[in-house]
Structure formats: C-alpha cells, structure tokens
Amino acid sequence: MKTIVILISGRGSNMEAILRARLPVRVACVISNEPDAKGLATANAQGVATVVVPHRGFRDRAEFDAALAAAIDVHQPDLIVLAGFMRILSDGFIARYQGRLMNIHPSLLPSFPGLHTHRHALAAGVRIHGCTVHFVTSAVDRGPIIAQAAVPVVAGESEEALSARVLREEHRIYPQAIRWFCEGRLTLSPDGAVTVHGARAGENALRSPVVE
Ligand code: GRF
C-alpha cells in the first residue's frame, strides 16, 4: 500500500475529502505550516497524526523547506499532497519530490493561476470555470495536468457561490487523482504529459452535472 503525506495551511476541506474517500493508501501524516489551521483538528479527529512546521520560525524559505522536507521524509511517502498549502516552495524542494508532488488549484489551468481565482473568473466573464489537479513543477500553477472538472458560471452569481460549487468538484477530483497515482495508473512523460492508464475517454475531465 502506498503512503501519502498531506500538507495544509487552513480549512482542510480537500484533506477531509481525501480522508473520507477511504482510499487504499496509508495517510502517514498531515503537516501544516499554520499552527491554527482548522484542518489539524479534523485530521486528529480522524485518527491521523499531525505535525506543525511553522514557517514564521525560520530565517528564510530554504531553511523552512529543509525543515518541511525533514518532517516529510520521516514517513518515506510515495506521494506528497498539497491541499490548500499556501507557501511557495523552493526549486530544490520541488526537485526533491519531482513526480511525487500533487496540488489542486481552483481554476481551469492555465487560466487564472495565483490567488482569487473565482473573482478573476467572474471579472473575465468566462462561462466555464473549475479546478485542476496537477503535478507541481517550479513554474507555479503550471505543472502537468492530471484531472480537471468544469462548472458553468451562473449569470450574476457571487464569488462565494461560484467558489462553493468549484470546491464540491475539488472534493471529487482530488481523491480520484490520488487513487490513480496510488494504483500506479499515472505516467508523467518527460515532455510533461500525464497519461491515466485504464481511464475511460474523458474520465479525467469531469463536468459538474447540475447547477442548483
Ligand atoms: C482550495 O480551493 C484549493 O483548491 C486551494 O486552496 C483551497 C483550500 O481549501 N489550493 P481547503 O483548505 O482544502 O478547504
């Protein structure tokens, strides 16, 4: 069975969705850079070990990343899952876990990298928005795409309403992508293309079925 470590900074709803999915994986630990992250209590309540590596305690990014890597490596994970982890990671850190570092981003990348994606999507007037699971590379929010889910944008809706509908899809595709990884069904080719072996056509491109 594969071992994963989940990194969070706050609410932890994606982490919770991953835990609830009862994947055939061992979740060795949840690590947060924020001592007050709500997700820590959720993980503890589910019997998952938690560790805090507070970034404010370090002189610079390199020192923090080294401490973070040490906390991760204790568990020898096959996969490191970024689930709302709000720190930019150094190139050295990313290279260390190349092909084993996954992230979820609340937009249909490459559209709307960075923060406030729902606000930007509404301002741009796009009709389709969504979320993306991708491998992490040193180009922030630009790594090889594993799965995406699309949601229609409803005329006049608020940022919060759109965000909630996208989040629901995040909770669907992130556990699925992790399952594929842990079943050995993902291949990352040198040109940065991801293949999902044994997936039905379009299975890694989901559409939100309804707008309530
Ligand atoms: C999610 O929208 C995720 O896509 C983004 O940060 C948010 C984290 O939410 N990277 P949560 O902590 O998983 O609830």
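Residues numbered from 1 in each chain as written. Predicted model: local features only at pLDDT ≥ 70, side-chain atom pairs only at ≥ 80, totals over all residues. Heavy atoms only, no water.

## Considering the site of the ligand
Near the ligand, the surroundings consist of Arg11, Gly12, Ser13, Asn14, Gly84, Ile104, His105, Pro106 and Glu170. The contact in question runs from an oxygen atom of the ligand to an N or O atom on the side chain of Arg11, over 2.5 Å. One nitrogen or oxygen atom from the main chain of Ile104 is found 3.1 Å from a nitrogen atom belonging to the ligand. In isolation the ligand has 370 Å² of accessible area, and contact with the protein removes 85% of it. Sorting the residues of the shell around the ligand by element identifies helix H1 (13–20) and strand S5 (101–105) as the ones contributing at least two each. Split into classes, the residues belonging to the shell around the ligand amount to two nonpolar, five polar and two charged. (Near = heavy atom within 4 Å. Polar contact = N/O pair within 3.5 Å; in protein donor to acceptor, adjacent residues only side chain to side chain. Areas by Shrake-Rupley, 256 points an atom, 1.4 Å probe, with all protein chains shown as cover. Helix = DSSP H or I, 4+ residues; strand = E, 2+ residues; numbered from the N terminus. Nonpolar A, V, L, I, M, F, W, Y, C, P; charged D, E, K, R; others polar.)

## A closer look at the environment of Ile88
Mapping Ile88 onto the fold places it in the loop between strand S4 (79–82) and helix H4 (91–96). Considering only alpha carbons, one finds Ile88 and Arg61, 27 residues apart in sequence, at a separation of 8.6 Å. Discounting residues that sit within four places of it in the chain, Ile88 has contacts with Arg61 and Val140. (Contact = heavy atoms within 4.5 Å.)

## What about the pairing of S4?
Neither face of S4 is left uncovered, since the one carrying Leu79 and Val81 and the one carrying Ile80 and Leu82 both have all their residues buried. Here four bridges tie strand S1 (residues 2–8) to S4, and the two strands are oriented parallel to one another. When the sheet's bridge partners are listed, Leu7 is paired in S4 with Leu82. As defined by bridge partners, S4 adjoins S5 across three bridges and the pair is classed as parallel. (Buried < 20%, exposed > 50% of the residue type's maximum accessible area, 1.4 Å probe, protein only. Pairing = 2+ DSSP bridges.)

## A closer look at the pattern of salt bridges
Summed over the entire model, instances satisfying the criterion amount to eight salt bridges. Note that Glu16 and Arg20 form a salt bridge whose closest N and O atoms lie 2.7 Å from each other. With Glu16 and Arg20 both in helix H1 and four residues apart, this pair spans about one turn of that helix. On the accessibility criterion, Glu16 (24% relative accessible area) is partly exposed. We classify Arg20 as exposed; its relative accessible area is 55%. (Salt bridge = Lys/Arg side-chain N within 4 Å of Asp/Glu carboxyl O.)

## A short note on the sheet that holds S5
Pairing is mixed across the open sheet formed by eight strands, whose spatial order is S3-S2-S1-S4-S5-S6-S7-S10. Strand pairing shows two members of the sheet lacking a second neighbour, strand S3 (50–52) and strand S10 (205–207), which therefore form its edges. The mean angle between the axes of side-by-side strands here comes to 20°, regardless of whether they run parallel or antiparallel. Two strands pair when backbone bridges link them, and strand S2 (residues 25–32) and S3 are joined in this way by three bridges, in the parallel orientation. Across the sheet, residue Val30 finds its bridge partner in S3, namely Thr50. (Axes fitted to C-alpha atoms, helices over the stretch in contact; angles between N-to-C directions.)

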